[in-house]
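# Coordinates in review
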Amino acid sequence: MNRYSVILSNVGSCADRFLTAGYDEPVALAELFRRVAEIPQVSGVELVGSWHVTDRNVAELKKYLEHYNLKLVSIIPDHFGQPKWKNGSFASREAVIRADAVNHTKEMIDAAAELGCDLVSLWPGQDGYDYVFQADYLQEREWFSLGVQETCRYRKDMRISLEYKIKEPRTHSYLSTVSNALLTIMEISEPNCGVTIDFGHALNAYETPAESVALLKKYGDRLFHVHMNDNYRHWDDDMIVGSVHTVETLEFFYWLRKTGYQGWLSIDQYPYREDSLEAVRQGVLAMDSFNRLLDRVPEAELDELIRIGNAAASASYFRKLLLDGVQ
């Protein structure tokens, strides 16, 4: 079953570091929900803590979810978008900041549970370093693992998923690669701790995203969530799904099926200059097209390509599959 969702802010006005107010007028919370509901293939939504979720608006969010018949897929706590996190959240040198990171996560866990959601996806974007001789690599990683471990133990019925990224906003992130994430999960040693693969983050880390899916299956079945987008591999461009790495995206979807992934496929695009709703719609339609293509292609044919391992045969196959018939 293919379940598609959207990070709510993706259909609004997106800002970058050159135009921090965004390229379009801000969009109100109610309008963001209405825009997501315009995409019929989408049945879920992700919210960001402090952007969309506060301790005062859970009832309002529940009203929007019910009105538009949307499922809350996950909440992403805000460990990246406030000045207090500039030197880290779970891995901060300051004990009060580390405690704040844990407490904010617990608040988002409670909000998620109240809204019928069982997943909190952590992107600890500020946990890392920028310069040599700046970080205590051992101590700060220890603090990070202990903080996440505490959130995992807070509610065993809530899954805590770690989204890795090689860099940005720090030049080096502690949670940087799929292998790094797996090692961190081994240290945390809680069954409700897993990984969110962001397709673009895997590309930035020079991973083959499909292999990242396979690794998470092999080492504990730890793929909890997926964010979809695309980029040119050098930066987290958050472009429309399949717009650059088309065949790699197809292979990614193939391995999601092969490993039995049953979770959501969530759009994480940031259309800075494009019409945001239309760009997100195209991303969703691309995901649906990849899945429909795999529905039509006999799985045994793709399995045989992998068994043989002949690059020329694979190139011929995908040329015929994707390009033959083009006038």
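Below: a short report on this structure. (Residues numbered from 1 in each chain as written. Predicted model: local features only at pLDDT ≥ 70, side-chain atom pairs only at ≥ 80, totals over all residues. Heavy atoms only, no water.)

## Re the overall build of the chain
Spelled out, the test is: Only DSSP runs of H or I covering at least 4 residues are called helices, and only runs of E covering at least 2 are called strands; the numbering of each starts at the N terminus. Each radius of gyration is computed over the set of C-alpha atoms, and the globule rule expresses the reference value as 2.2 Å times the number of residues to the power 0.38. Remark: exposure states derive from per-residue accessible area (1.4 Å probe, protein chains only) relative to the maximum for the residue type, with buried under 20%, exposed over 50%, and partly exposed in between. Contact criterion: two residues are considered in contact whenever any of their non-hydrogen atoms come within 4.5 Å of each other. Using the Shrake-Rupley algorithm and a 1.4 Å probe, accessible areas are obtained, with residue cover drawn only from the displayed protein chains. Asp and Glu are treated as the negative residues and Lys and Arg as the positive ones, with His and the ends of the chain left uncounted. Charge coordinates come from a single atom per side chain, which is NZ of Lys, CZ of Arg, CG of Asp or CD of Glu.
Within the chain one finds 11 helices and 10 strands. Relative to its length of 327 residues, the chain is compact, with a C-alpha radius of gyration of 20 Å against a globular reference of 20 Å. Dimensions along the principal axes, computed over C-alpha positions, put the chain at roughly 60 × 45 × 40 Å. By residue count, 53% of the 327 residues in the chain fall in the buried class. For the chain, the share of sequence-separated contacts (at least 6 apart) that also reach a separation of at least 24 residues comes to 76%. Here the chain has roughly 15,500 Å² of accessible surface; of this, 53% comes from carbon and sulfur atoms. Placing the 34 positive and 48 negative side-chain charges of the chain at their respective mean positions leaves the two points 3 Å apart.

## So, the packing of aromatic side chains
Threshold: Pairs were defined over the aromatic rings of Phe, Tyr and Trp, the Trp ring being its six-membered one, requiring ring centres within 6.5 Å. Orientation was assigned from the angle between planes: stacked under 30 degrees, edge-to-face over 60, tilted for the rest.
Counted under the stated rule, the structure contains 11 aromatic pairs. Measuring from ring centre to ring centre gives 4.9 Å for Phe80 and Trp123, while their planes differ by 45 degrees; the resulting arrangement is tilted. Of the two residues, Phe80 is situated in the loop between β3 (71–76) and α3 (95–114) and Trp123 in the loop between β4 (119–122) and β5 (128–129); the sequence distance between them amounts to 43 residues. There is no split in this pair, since Phe80 and Trp123 are both buried. Between Tyr317 and Phe318 the ring centres are 5.3 Å apart and the planes differ by 85 degrees, which places this aromatic pair in the edge-to-face class.

## Points about the packing of α3 against helix α4 (residues 137–154)
Filter applied, for reference: Axis definition: a line fitted to C-alpha atoms, over the contacting stretch in the case of helices. Angles run 0 to 180 degrees between N-to-C directions. Note that the term roughly parallel is reserved for angles under 35 degrees, roughly antiparallel for angles over 145, roughly perpendicular for angles of 65 to 115, and oblique for everything else. By definition, turning the near helix anticlockwise from the far helix through less than a right angle yields a left-handed crossing, and turning it clockwise yields a right-handed one. Gly falls in the polar group here, along with every residue not listed as nonpolar (Ala, Val, Leu, Ile, Met, Phe, Trp, Tyr, Cys, Pro) or charged (Asp, Glu, Lys, Arg).
For the pair α3 and α4, interaxial distance at closest approach is 10 Å and the crossing angle is 25 degrees. Considering their axes alone, α3 and α4 lie roughly parallel with respect to each other. The interaxial crossing formed by α3 with α4 has right-handed handedness. Of α4, the residues touching α3 (which contributes Arg98, Val102, Thr105, Lys106, Ile109 and Asp110) are Trp143, Gly147, Glu150, Thr151 and Tyr154. Grouping the amino acids of the contact of α3 with α4 by side-chain chemistry returns four nonpolar, three polar and four charged.

## Overview of the pairing of β3
Note the following rule: Any two strands are treated as partners once DSSP identifies two or more bridges connecting them. When the strands point away from the viewer, a crossover counts as right-handed if the path from the first strand over the helix to the second runs clockwise.
Burial analysis of β3 places five of its six residues in the buried class, which makes it a mostly covered element. Here strand β2 (residues 42–48) pairs with β3 via five bridges, running parallel. Paired with Glu46 across the bridge in β3 is Ser74. Remark: the β2/helix α2 (residues 58–67)/β3 crossover connection has right-handed handedness.

## Overview of a nonpolar patch on the surface
Using the following cut-off: Like charges within 9 Å and nonpolar side chains (Val, Leu, Ile, Met, Phe, Trp, Tyr) within 5 Å are joined into patches, using only residues over 30% in relative accessible area that form no salt bridge. Salt bridge criterion: a side-chain nitrogen from Lys or Arg within 4 Å of a carboxyl oxygen from Asp or Glu.
Side chains of Val247, Leu322 and Leu323 sit close together on the surface and give an oily, nonpolar patch of about 240 Å² of accessible area. In this fold, Leu323 is placed in the segment after α11 (311–322).

## Quick word on the environment of Asn231
Just so we agree on the cut-off: Definition of a polar contact: a pair of N or O atoms within 3.5 Å, with one able to donate and the other able to accept a hydrogen when the atoms are protein atoms, and with sequence-neighbouring residues admitted only if both atoms are side-chain atoms.
For Asn231, the position within the fold is in the loop between β9 (223–228) and α8 (246–258). With 10 residues separating them along the chain, Asn231 and Val241 place their C-alpha atoms 8.8 Å apart. Discounting chain neighbours no more than four positions away, the residues touching Asn231 are Gly200, Leu203, Asn204, Asp236, Asp237, Asp238, Met239, Val244 and His245. Looking at Asn231, its side chain comes within polar contact range of the main-chain oxygen of Gly200, at 3.0 Å.

## Digging into the side chain of Arg222
In this structure, Arg222 sits in the loop between α7 (209–218) and β9. If we skip the residues at most four places from it in the chain, Arg222 touches Ile185, Glu190, Pro191, Cys193, Gly194, Val195 and Leu216.

## Notes on the nonpolar core
Operational definition: What we call a nonpolar core is a set of buried Ala, Val, Leu, Ile, Met, Phe, Trp, Tyr and Cys residues that are connected through their side-chain atoms within 4.5 Å.
Formed by 85 residues in total, the largest nonpolar core has its most connected members in Phe33, Val148, Phe252, Val284 and Met287. Counting residues per element, this core draws most heavily on helix α9 (residues 276–296), which supplies eight residues. The residues touching Val148, leaving out its near neighbours within four places in the chain, are Phe90, Leu122, Ile160, Leu162, Ile188 and Cys193.

## Section: α4
Rules: The length a helix should cover is 1.5 Å for every residue beyond the first.
Counted at 1.5 Å a residue, the expected span for α4 with its 18 residues is 26 Å, and the 26 Å between its end C-alpha atoms agrees. Looking at the buried positions of α4, the neighbouring elements they touch are α3, β4, β5, β6 (159–163), α5 (178–188) and β8 (193–198).

## Some words on unusual backbone geometry
With glycine set apart, most residues show a phi of negative sign, and most peptide bonds adopt trans. Cis geometry is adopted by the peptide bond preceding Pro169, which originates at Glu168 and carries an omega value of 10 degrees. Mapped onto the elements, Pro169 comes out in the loop between β6 and β7 (172–173). One non-glycine residue with positive phi stands out, namely Ser50, at about 75 degrees. For Glu168, which is not a glycine, the phi torsion comes out positive at approximately 75 degrees.

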